[in-house]
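Analysis of the macromolecular model
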Amino acid sequence: MTRQTSPRQPRRRQIGLWLIGARGSVATTAICGLAAIRAGVTDATGCVTDSLDLSSAVFPGWGDFVVGGQDIAPTSLEKEAGRLAAAGVLPQSILPLIADELRAADAAIRPGYDPVTDRGPQAHAAARQIADLERFKQANDLASVVVVNVAAAEPPAADWPEYRELDALTRILASPAARSLTPSSLAIYAALQAGCPVVDFTPSPGLSLPAITELAQQRGLPYAGRDGKTGQTLLRTALAPMFAARGLRVLSWSGTNLLGGEDGANLADLGQARGEPQAKARGLTALLGPDVTAPLHVDYVPDLGERKVVWDYVSFEGFLGTRMSLQFNWDGYDAALSAPLVLDLARLVAGAHRAGETGPLSELGFFFKDPLGSTEHRLAEQAAALSQWVRRLS
Ligand SMILES: NC(=O)c1ccc[n+]([C@@H]2O[C@H](COP(=O)([O-])OP(=O)(O)OC[C@H]3O[C@@H](n4cnc5c(N)ncnc54)[C@H](O)[C@@H]3O)[C@@H](O)[C@H]2O)c1
């Protein structure tokens, strides 16, 4: 009798998750969360992909990722995770259980491009970042690497030369003294040159430069952005369609944001804040029309730590001109709201890449304040488009 042997399954190659700003609050929470899910010490509450019917032939699972990244900060992930636990973002009890994974991810973090200390040509910095990505891919035998930008927010694109064409950008970068791309645009340029699909979770210019999106198209890569929709804008894009559907006329929608944490200090700074209100106002205008007054105020309140407190006052008019209002408060931990979305986006964009999708992934607009490739801001419609897209790819 001949013995039956089952054919050996080829080992499934893993996917890289490369975080730009890998030692920040959002990135560290995402890395800790992924490790905790894999260790079975938590479930994936807050992750959208767990309730979508993802085909495992297309989309990677939690166990399929290897994490690396770049940052300009020297603080170790373990130390940053300890700080976040003390601030109430992470449960202290998971830290000893994920210590090995944190150390492995920490060892795979490379220095980012810091324009203050790196005075050389940006072409050299881009080449170094491309080499880092290629080494990460080879060392771990990865099928592909998804790059997610979660670095500190930069001033809006208006303050930087706007590269309309890739040719111009390539010429400028090749000149020895060129130092004109923001660090996020440089990192995204390098990622695309290394053949990686990209997610921009920040309001930085990163993916918004036409020359950068041209590069993505030229390389046949998918990308998604910009600026994670995690708190105030999430609520607004859920509630504003209700007023429109009920024929109620919104007269004004005023918002106040009280932010703690590094990102809060950064966004409350006048120069940096302009990007955030612009993205939020664009959403409200798209949902309610241009006549709604929508003042927005951002303050840095250090004692709030990692919390973000939001207050919105909506003044509206009903039948026979009756004036009414809606007020709501939101008190959340930004990093805990963002991190699961970063993990979701890594799975979804890796799947899109594997399925041969290219260009802006408009169906991922659900995750963003300023969705690339889409003018749809209504949360319910965005959720439906996401489910449909997942079904098509699966
Ligand atoms: N927290 C949220 O809910 C939320 C929502 C939407 C968007 N975002 C965006 O996500 C990003 C991260 O937020 P966070 O709270 O983690 O901020 P953070 O300040 O805690 O972390 C940012 C990290 O980026 C690093 N960094 C700065 N310059 C860099 C460079 N040139 N190269 C590589 N790394 C660099 C910093 O050292 C730091 O570790 C911000 O741009 C923020 O606006 C956050």
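The coordinates are above.
First things first, this report covers the structure right here in the doc. What you are looking at is a predicted structure, and each value in this text was computed from that prediction instead of being measured.

Glancing now at the sheet that holds strand E11 (residues 359–360). Sheet strands line up and pair through hydrogen bonds in the backbone, either parallel or antiparallel. Strand order in this open sheet of seven strands is E3-E2-E1-E4-E5-E6-E11, and the pairing throughout is parallel. Pairing within the sheet leaves two strands with one partner each, and these edge strands are strand E3 (109–111) and E11. Where strand E4 (residues 144–149) lies against strand E5 (residues 198–200), three bridges are found, and the strand directions are parallel. Looking at E5, one finds that Asn149 is bridged to Asp200. Each of strand E1 (15–20) and strand E2 (65–71) touches helix H1 (residues 25–38); the most contacted strand, E2, lies at about 165° to it.

In this structure, Leu19, Leu348, Leu364, Phe367, Leu386 and Trp389 are the most contacted members of the largest nonpolar core, which totals 61 residues. Mapped onto this core, the elements with two or more residues apiece are E1, H1, E2, helix H2 (77–86), helix H3 (99–107), E4, helix H12 (334–354) and helix H13 (379–393). The dominant element in this core, judged by the number of residues it contributes, is H12, at eleven residues. Setting aside residues up to four positions removed in sequence, Leu386 forms contacts with Val48, Leu52, Leu348, Glu363, Leu364, Phe366 and Phe367. Counting 37 residues, the second-largest nonpolar core is a separate cluster that includes Tyr163, Leu173, Ile212 and Tyr223.

What follows is about the pairing of E4. When you tally the buried positions in E4, you get six out of six residues, the bulk of the element. The two faces of E4 match: Ser144, Val146 and Val148 on one face and Val145, Val147 and Asn149 on the other face are all buried. Two strands pair when backbone bridges link them, and E1 and E4 are joined in this way by six bridges, in the parallel orientation. Its bridge partner being in E4, Ile15 is matched across the sheet by Ser144.

Conventions used here
Residues numbered from 1 in each chain as written. Predicted model: local features only at pLDDT ≥ 70, side-chain atom pairs only at ≥ 80, totals over all residues. Heavy atoms only, no water. Pairing = 2+ DSSP bridges. Helix = DSSP H or I, 4+ residues; strand = E, 2+ residues; numbered from the N terminus. Contact = heavy atoms within 4.5 Å. Axes fitted to C-alpha atoms, helices over the stretch in contact; angles between N-to-C directions. Core = buried A, V, L, I, M, F, W, Y, C linked by side-chain atoms within 4.5 Å. Buried < 20%, exposed > 50% of the residue type's maximum accessible area, 1.4 Å probe, protein only.

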